[in-house]
Amino acid sequence: MLHDVSVKHVDVGHFLLTFLLIELLKRSAPSRIINLSSMAHSWGTIRLDDINSERNYHSRRAYGQSKLANILFTRSLARKLKDTGVTSYVVHPGIVRTELKRHMNLGLLIMWKVVRPFTKTPVQGAQTTIYCSVQPELENGAYYR
Ligand SMILES: NC(=O)c1ccc[n+]([C@@H]2O[C@H](COP(=O)([O-])OP(=O)(O)OC[C@H]3O[C@@H](n4cnc5c(N)ncnc54)[C@H](OP(=O)(O)O)[C@@H]3O)[C@@H](O)[C@H]2O)c1
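Residues numbered from 1 in each chain as written. Predicted model: local features only at pLDDT ≥ 70, side-chain atom pairs only at ≥ 80, totals over all residues. Heavy atoms only, no water.

## A short note on the overall build of the protein chain
Counting its secondary structure elements, the protein chain contains six helices and three strands. The N-to-C order of helical and strand elements in the protein chain reads α-α-β-α-β-α-α-α-β. Once the C-alpha set of the protein chain is aligned to its principal axes, its extents read approximately 45 × 40 × 25 Å. Residues classed as buried in the protein chain amount to 33% of the 145 residues present. Long-range pairs, those at least 24 residues apart, make up 69% of the contacts in the protein chain between residues at least 6 apart in sequence. On the protein chain, roughly 9600 Å² of surface is accessible, and the fraction owed to carbon and sulfur atoms is 61%. Positive and negative charge centroids in the protein chain, built from 20 and 10 side chains respectively, lie 7 Å apart. (Helix = DSSP H or I, 4+ residues; strand = E, 2+ residues; numbered from the N terminus. Buried < 20%, exposed > 50% of the residue type's maximum accessible area, 1.4 Å probe, protein only. Contact = heavy atoms within 4.5 Å. Areas by Shrake-Rupley, 256 points an atom, 1.4 Å probe, with all protein chains shown as cover. Lys, Arg positive; Asp, Glu negative; His and termini not counted. Charge placed at Lys NZ, Arg CZ, Asp CG, Glu CD.)

As structure tokens, this is what we get:
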């Protein structure tokens, strides 16, 4: 069912997983929440009047909206969980050779072919997330890339 939701890049997955785990995270404090966003957050705005892009769907803008939502969600978590020992970070991993391209339209696929030699392997792409998982001093709610 979650996969049906993701088709339009609503990206409730980050929110739902956090919501389901939140009491466990609090009991396990100090603990960290790391959300994967993207530099693509700058492609979108939050369209409250058509949040699921039902009236007007554009894949690039919808993806940008979902990635911007990941950042706002992380900042909100940092505020709401202040003093609980649970901290939150949001990451742009770089451009990584994963299966993400299966969702790309022709224009993005052509761009992908051009930039591919400069992209990261999954191991390289995981480094910023690992850094946010283990580095002792980080700024709660911040965006790392
Ligand atoms: N790759 C990049 O260059 C890049 C750049 C910036 C940001 N990111 C972000 O990094 C994150 C991971 O992307 P990726 O590149 O690793 O993509 P990916 O290879 O397509 O992997 C995405 C994973 O998420 C799972 N998934 C997708 N929708 C889901 C849902 N609604 N509920 C539960 N699981 C779901 C997929 O499961 P299935 O395999 O079962 O479908 C898959 O395992 C994403 O948030 C993406 O926006 C990636």
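That covers the picture; the talk isn't over yet.
## Focus on the pairing of strand β2 (residues 86–91)
Across the six residues of β2, five count as buried, placing the element largely inside the fold. In this structure, strand β1 (residues 31–36) lies alongside β2, joined through six bridges in parallel fashion. Residue pairing for β2: Ile33 is matched across the bridge by Ser88. For the crossover that starts at β1, traverses helix α3 (residues 59–80) and ends in the parallel β2, the hand is right-handed. Bridge count between β2 and strand β3 (residues 143–144): two bridges; the pairing is parallel. Each bridged residue has a counterpart across the sheet, and for Val91 the counterpart in β3 is Tyr144. (Pairing = 2+ DSSP bridges. Right-handed = clockwise from strand over helix to strand, strands pointing away.)

## Thoughts on unusual backbone geometry
A cis amide bond links Ala29 to the next residue, Pro30, at an omega of 5 degrees. As for its placement among the helices and strands, Pro30 is situated in the loop between α2 (13–27) and β1. In this structure, Ser53 is a non-glycine residue whose phi angle is positive, near 55 degrees. Looking at the element boundaries, Ser53 is found in the loop between β1 and α3.

## Section: a nonpolar patch on the surface
A cluster of nonpolar residues, Phe15, Leu17, Phe19, Leu20, Leu21 and Leu24, forms a patch on the protein surface that exposes about 630 Å² of accessible area. Looking at where Leu21 falls in the secondary structure, it is placed in helix α2. The exposure class of Leu21 is partly exposed, given its relative accessible area of 36%. (Patch = residues over 30% accessible without salt bridge, like charges linked within 9 Å, V, L, I, M, F, W, Y side chains within 5 Å. Salt bridge = Lys/Arg side-chain N within 4 Å of Asp/Glu carboxyl O.)

## Concerning the site of the ligand
Around the ligand sit 18 residues, and of these Tyr63, Lys67, Val96, Thr98 and Arg102 come closest. Within the backbone of Val96, a nitrogen or oxygen atom sits 2.8 Å from an oxygen atom of the ligand. Starting from 910 Å² of accessible surface for the ligand in isolation, the protein chains cover 62%. If you list the elements that add at least two residues to the shell around the ligand, you get α1 (2–6) and α3. Here the shell around the ligand takes three residues from α1, the largest share from any one element. Looking at the shell around the ligand, its residues break down into seven nonpolar, eight polar and three charged. (Near = heavy atom within 4 Å. Polar contact = N/O pair within 3.5 Å; in protein donor to acceptor, adjacent residues only side chain to side chain. Nonpolar A, V, L, I, M, F, W, Y, C, P; charged D, E, K, R; others polar.)

## Digging into the packing of aromatic side chains
Applying the stated criterion across every chain yields a total of five aromatic pairs. Between Phe15 and Phe73, the aromatic rings sit 5.7 Å apart at their centres with planes inclined by 65 degrees, giving edge-to-face as the arrangement. One end of the pair, Phe15, is in helix α2; the other, Phe73, is in helix α3, and 58 residues separate them in sequence. Here Phe15 falls in the partly exposed class, since its relative accessible area comes to 44%. Assessed through its relative accessible area of 16%, Phe73 is described here as buried. What links up through ring pairs into an aromatic cluster is the set Phe15, Phe19 and Phe73. (Phe/Tyr/Trp six-rings, centres within 6.5 Å; stacked < 30°, edge-to-face > 60°.)

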